Structures are given as C-alpha cells and as structure tokens.
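Inside the fold
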Amino acid sequence: MKMNFIKVKDYNALSVHAAEIICAQVNSKPNSVLGLATGSTPIGAYEQIREMYKRGEVDFSAVKTINLDEYVGLSPENAQSYRYFMNNQLFNGINIAKENTHLPDGMSNTVDDECARYERLIDSLGPIDLQLLGIGNNGHIGFNEPGDFFIKECHCTQLAAKTIEANSRFFDTIDEVPKKAITVGMGTVMAAKKVLLIAAGKEKAEIINKALTGKITPQVPASILQFHADLTVVVSP
Ligand code: PGA
C-alpha cells in the first residue's frame, strides 16, 4: 500500500500540482483512461490543464475519460449538469474528442438500464489509469453517500441532506437541487490503478483526516481509500 500525502500552501498550488500529476499520466501513457470529478475543488486543476494544453505540454487526442457521476433529471444543456460543467471547465479547452468523454446520462427514462450501460462501458474501457477525486463534507466520493455498506457498481443514489445543502450553492434555490444522481460504485474507484484525491479548506481537512486515519467504514465512504494500493492525496488550507 502506498499513500503519498502532500500538503501545499494554497489552492493555486494544489491546482498546479494536481494538473501536473494528470498531465504526467497522459504524457507517460497517451491513451490513458482518466476518471474525472466535478465540484468546486477540481476547477483550478482543470484551468491549469487547459493552460498546459495551450502551451503544447500535453496531448489528449488518444485519452478517454469516465466521469464519476451525473444528476438525474438534468440535461447536458442545463448549466448545473455535470456534462455541462465538464465541457465548460475542461473538454472544450483541450483536444479531446467528445465521443471519448463519458458521463452517465441523467435524462435516461430507465435509470437502472443507464447504470448497467455505464458499468458495461467502464468494464470495456477500464480499468481507469488515474482516478481524480474530490471529497464531500460527509466523506462521500462520487455520490457514494454514507450508508450501511459500500456499493460496488454504478447505481442510482438518493443524495444525502448534507450533500443537497452543500450543492445548493450552485442553484438558485435548494429546491432545485436534484434529489437523485447516478454514480459509479466503489468497485470502479478501487480498481483504478492510481487515485488522486484533492481537498481544499478547513472543513475538508477534518473529513480528510477522518477518512484517512479513522476507521474504514461505509459511514465515511472515502475511508475505503486506505485500502487502495496507490493513493496520492493533495491538500491545501
Ligand atoms: P466540492 O465537492 O469539490 O464542490 O467541495 C466535492 C465532492 O462533493 O465530492
């Protein structure tokens, strides 16, 4: 087991460091499969990756990406959807073909079928070479919320009240936050060859500490990462 814990001085340093790790992965294996995350934390890293691409330091033409999750009921045109976020924050600014970028379809009428499709897709493309993760205030990764057990495969989940509250900052009112999401399961995250977990700020420092040094329990989903064979954690104040 290898855990590499890196504390940097600020959010900008965290973003630069994460971007460098991701681009180094692509440079060492141009057809890498990247597992990607949404949320506030990776925004700076995605900006740095766009800059590195512009400077000619990295080529995404053979890369494939698999995102962690998507809200149920939001279309790709909805500015709060994760597809919209990814296009805007990363994909439109680098040379990746859209057909090589994957997220669950939040508009599918048959959510269970969509979960099964996404799981098959992951099976066909994976294992993921490098999985980028943020962490929720409640320890979730992707939308694997605290619960009585870890779920291995892609599934539809009811968002925790704490998650709805945290994510309401992106919506006009809390009532607009979707109550359900499709997320990859812990099996996908744990099968990734490398995991890069990033977290910024005081509140995240507490949950990071609990997840990485506390009991391994589905009540703190990220705690399972203590079992991962190649985990890098980058944190900033
Ligand atoms: P954040 O979310 O980066 O917006 O804090 C992280 C997460 O919920 O996984």
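For clarity, every value in this text was computed on a predicted model and none was experimentally measured. (Residues numbered from 1 in each chain as written. Predicted model: local features only at pLDDT ≥ 70, side-chain atom pairs only at ≥ 80, totals over all residues. Heavy atoms only, no water.)

1. Some thoughts on the site of the ligand
Under the convention used in this document: Any residue with at least one heavy atom within 4 Å of a molecule or strand is counted as near it. Here a polar contact is recorded for every N or O atom pair within 3.5 Å, except that within protein the pair must consist of a potential hydrogen donor and a potential acceptor, and residues adjacent in sequence are included only if both atoms are side-chain atoms. Three residue categories are used. Nonpolar comprises Ala, Val, Leu, Ile, Met, Phe, Trp, Tyr, Cys and Pro, charged comprises Asp, Glu, Lys and Arg, and polar comprises the others, including Gly.
If you check the shell around the ligand, you find Gly39, Ser40, Thr41, Gly134, Ile135, Gly136, His140, Arg169 and Lys204 and nothing else. Within the side chain of arginine 169, a nitrogen or oxygen atom sits 2.9 Å from an oxygen atom of the ligand. The class makeup of the residues in the shell around the ligand is one nonpolar, six polar and two charged.

2. Focus on the sheet that holds strand S3 (residues 64–67)
For clarity, the cut-off: Pairing between two strands is assigned when DSSP locates at least 2 bridges connecting them. The secondary structure listing takes helices from DSSP runs of H or I that are at least 4 residues long and strands from runs of E that are at least 2 residues long, numbered from the N terminus. The contact criterion used is simple: two residues touch if any of their non-hydrogen atoms lie within 4.5 Å. Angles run from 0 to 180 degrees between N-to-C directions of axes, and those axes are lines fitted to C-alpha atoms, restricted for helices to the stretch in contact.
The strand order S1-S10-S9-S6-S2-S3-S5 describes an open sheet built from seven strands, whose pairing is parallel. Both outer strands of the open sheet, strand S1 (2–7) and strand S5 (101–102), are each paired with one neighbouring strand and no more. Sheet analysis places strand S6 (residues 130–133) next to strand S9 (residues 194–200), joined by four bridges and oriented parallel. The residue bridging leucine 132 from the neighbouring strand is leucine 196, located in S9. In the packing of helix H4 (residues 111–125) onto the sheet, contacts are made with strand S2 (33–36), S3 and S5, and the angle to S3 comes to roughly 145°.

3. With respect to helix H1 (residues 11–28)
Stated formally: By definition here, a helix of n residues has an expected span of 1.5 Å times n minus one. Only protein chains enter the accessibility calculation, which uses a 1.4 Å probe; a residue whose area is less than 20% of its type maximum is buried, one above 50% is exposed, and one in between is partly exposed. Relevant arc is that of directions from the helix axis to the C-beta atoms, nothing else.
The end-to-end C-alpha distance of H1 is 26 Å, a good match for the 26 Å that 18 residues give at a rise of 1.5 Å each. Within H1, the full set of buried residues consists of Leu14, Ser15, Ala18, Ala19, Ile22, Cys23, Gln25 and Val26. Across the axial projection of H1, the buried residues extend over an arc of 155°, all falling on one side. Where H1 is buried, its residues meet S2, helix H2 (43–54), S6, S9 and strand S10 (230–236).

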